[in-house]
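Geometric and topological summary
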Amino acid sequence: AGDGDCGHTHARAARAIQEWVRTRPPPAAPAQLLSTLADLLLEKMGGSSGVLYGLFLTAAARPLLNRNDLSMWADAMDAGIEAMQRYGGAAPGDRTMLDSLCAAAQALHALRSPDADLLPVLAAAVQSAEAAAEATRHMEAGAGRASYISSGQLLQPDPGAVAAAAVLRAVLEGLRS
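The notes below deal with the structure included here.

**Re the packing of helix α5 (residues 97–108) against helix α6 (residues 118–135)**
Any two packed helices are characterised by the angle at which their axes cross and by the distance between the axes. The N-to-C vectors of α5 and α6 enclose an angle of 150 degrees; their axes lie 7 Å apart at closest approach. It follows that α5 is roughly antiparallel to α6 by the angle criterion. Two packed elements cross with a definite hand, and for α5 against α6 that hand is right-handed. Together, Asp 99, Ser 100, Ala 103, Ala 104, Ala 107 and Leu 108 of α5 and Val 121, Leu 122, Ala 124, Ala 125, Ser 128, Ala 129, Ala 132 and Ala 133 of α6 make up the contact between the two elements. Residue composition of the contact of α5 with α6, grouped by class: eleven nonpolar, two polar and one charged.

**Observations concerning the nonpolar core**
Phe 56, Met 77, Ile 81 and Leu 101 are the most contacted members of the largest nonpolar core, which totals 45 residues. Looking at which element gives the most residues to this core, the answer is α5, with eight residues. Leaving out residues up to four positions away in the same chain, Met 77 has contacts with Phe 56, Leu 101, Ala 104, Ala 105, Leu 108 and Leu 168.

**So, unusual backbone geometry**
For Asn 66, which is not a glycine, the phi torsion comes out positive at approximately 55 degrees. Among the structural elements, Asn 66 can be located in the loop between α3 (47–61) and α4 (71–88). The class of Asn 66 is exposed, set by a relative accessible area of 81%. Here the phi dihedral of Arg 95 falls at roughly 65 degrees; this positive angle occurs in a residue that is not glycine. Tracing the backbone through its elements, the reader meets Arg 95 in the loop between α4 and α5. The class of Arg 95 is buried, set by a relative accessible area of 1%.

Cut-offs used in this document
Residues numbered from 1 in each chain as written. Predicted model: local features only at pLDDT ≥ 70, side-chain atom pairs only at ≥ 80, totals over all residues. Heavy atoms only, no water. Axes fitted to C-alpha atoms, helices over the stretch in contact; angles between N-to-C directions. Helix = DSSP H or I, 4+ residues; strand = E, 2+ residues; numbered from the N terminus. Parallel < 35°, antiparallel > 145°, perpendicular 65-115°, else oblique. Left-handed = near helix turned anticlockwise from the far one by under 90°. Contact = heavy atoms within 4.5 Å. Nonpolar A, V, L, I, M, F, W, Y, C, P; charged D, E, K, R; others polar. Core = buried A, V, L, I, M, F, W, Y, C linked by side-chain atoms within 4.5 Å. Buried < 20%, exposed > 50% of the residue type's maximum accessible area, 1.4 Å probe, protein only.

What follows is the structure in structure tokens.
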């Protein structure tokens, strides 16, 4: 739904990240890694998704500065979502990537527990994001490109929500390997 470029922009982003990783080692510091990814996506991804991911990653990098605890990742997710909402104008329930990201963020709040274990919490966050993406199938579009299309024509889950869940799944799989 929308202007049909979601898959193309995410594929372009994936190719840019693959090329970047092939040509130079990613920064070891989490804040620097997210800031560098933000710049890369702003330059190479295109579309509104590129801008939104750039905003998200730039804001998410800030809570990671000078910290080394699992709860920083929950704070980073919250900061990224807040920036995306502030500048993008969407909210949870608007049938956008925010539906997946907010569901994942809720699960990631478990990282604030002293006995948190990253991979199980991240796996739960991915499952929440995927369920939220599927739930967009039945939502009225309140923001994004799909909001310009009749709700009777919106028969599939929101592509941005599905893509955001897939990005989180890729992070989980990357950490597991």
